[in-house]
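# Observations on the three-dimensional arrangement
In case you want the letters, here they are:
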Amino acid sequence: PKHVLLLAMLTVTALGCVVLAFWAGRALSVLRLDAKAEAEAHAAAEREARLVAEAAREREAQLVAEAARARLEAEAVVQASAAVAAKEHAAEKLAAARAEVVRLR
């Protein structure tokens, strides 16, 4: 009877250890899944941050290009205005020269 009682106690203890090991394994599995999900969420956040930064760089480059085009267009307008003013000045001088020729005849 003593050996049977001791064997029964060892059996119950062994079963308890098995059950405890099973639940510990389940808990570790859940913790690993949580850690994996957290790592995936972190990686997704990093990817999103990279995409946002890339989009911002692309938009900045686009704005710089638009500013350069606007500057070139403004310079062209200034040059065209200067050309028109020079043409008008030349026309005035020509008219004055013609008037002088007419006066001298």
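Anyway, here's the lowdown on the structure attached to this text. (Residues numbered from 1 in each chain as written. Predicted model: local features only at pLDDT ≥ 70, side-chain atom pairs only at ≥ 80, totals over all residues. Heavy atoms only, no water.)

## A word on the overall build of the protein
Rule in force here: Numbering of helices and strands runs from the N terminus; a helix is a DSSP stretch of H or I covering at least four residues, while a strand is a stretch of E covering at least two. Using a 1.4 Å probe on the protein chains alone, a residue whose accessible area is under 20% of its type maximum counts as buried, one over 50% counts as exposed, and one in between counts as partly exposed. Working convention for charge: Lys and Arg count positive, Asp and Glu count negative, and His plus the chain ends are omitted. Each charge is placed at NZ for Lys, CZ for Arg, CG for Asp and CD for Glu.
Within the protein, the secondary structure is distributed over 1 helix and 0 strands. Structurally, the protein occupies a C-alpha span of about 155 × 5 × 5 Å along its principal axes. Of all 105 residues assigned to the protein, the portion counted as buried reaches 0%. Counting 15 positive and 14 negative side-chain charges, the protein places the averaged centre of each group 3 Å from the other.

## Notes on the packing of aromatic side chains
To be explicit about the condition: Only rings of Phe, Tyr and Trp enter the pairing, Trp through its six-membered ring, and a pair is recorded when the two centres are within 6.5 Å. The plane angle decides the type: under 30 degrees is stacked, over 60 is edge-to-face, the rest tilted.
Here the structure, examined in full by the defined rule, presents 1 aromatic pair. Ring centres 5.2 Å apart and planes at 75 degrees place the aromatic pair Phe22 and Trp23 in the edge-to-face group. On the basis of relative accessible area, Trp23 is assigned to the exposed category, the value being 52%.

## Section: the pattern of salt bridges
The line we're drawing: We define a salt bridge as a side-chain nitrogen of Lys or Arg found within 4 Å of a carboxyl oxygen belonging to Asp or Glu.
Per the stated rule, a full pass over the model turns up 1 salt bridge. Residues Glu100 and Arg103 are paired through a salt bridge, measuring 2.4 Å at the closest nitrogen-oxygen approach. One end of the pair, Glu100, and the other, Arg103, are both in helix α1 (residues 2–104), 3 residues apart, so they sit about a helical turn from each other. With a relative accessible area of 58%, Arg103 lands in the exposed category.

## Quick look at the environment of Lys93
Along the chain, Lys93 turns up in helix α1. By relative accessible area, Lys93 is classed as exposed at 54%. Expressed as a C-alpha distance, the spacing of Lys93 and Ala82, which sit 11 residues apart in the sequence, is 16 Å.

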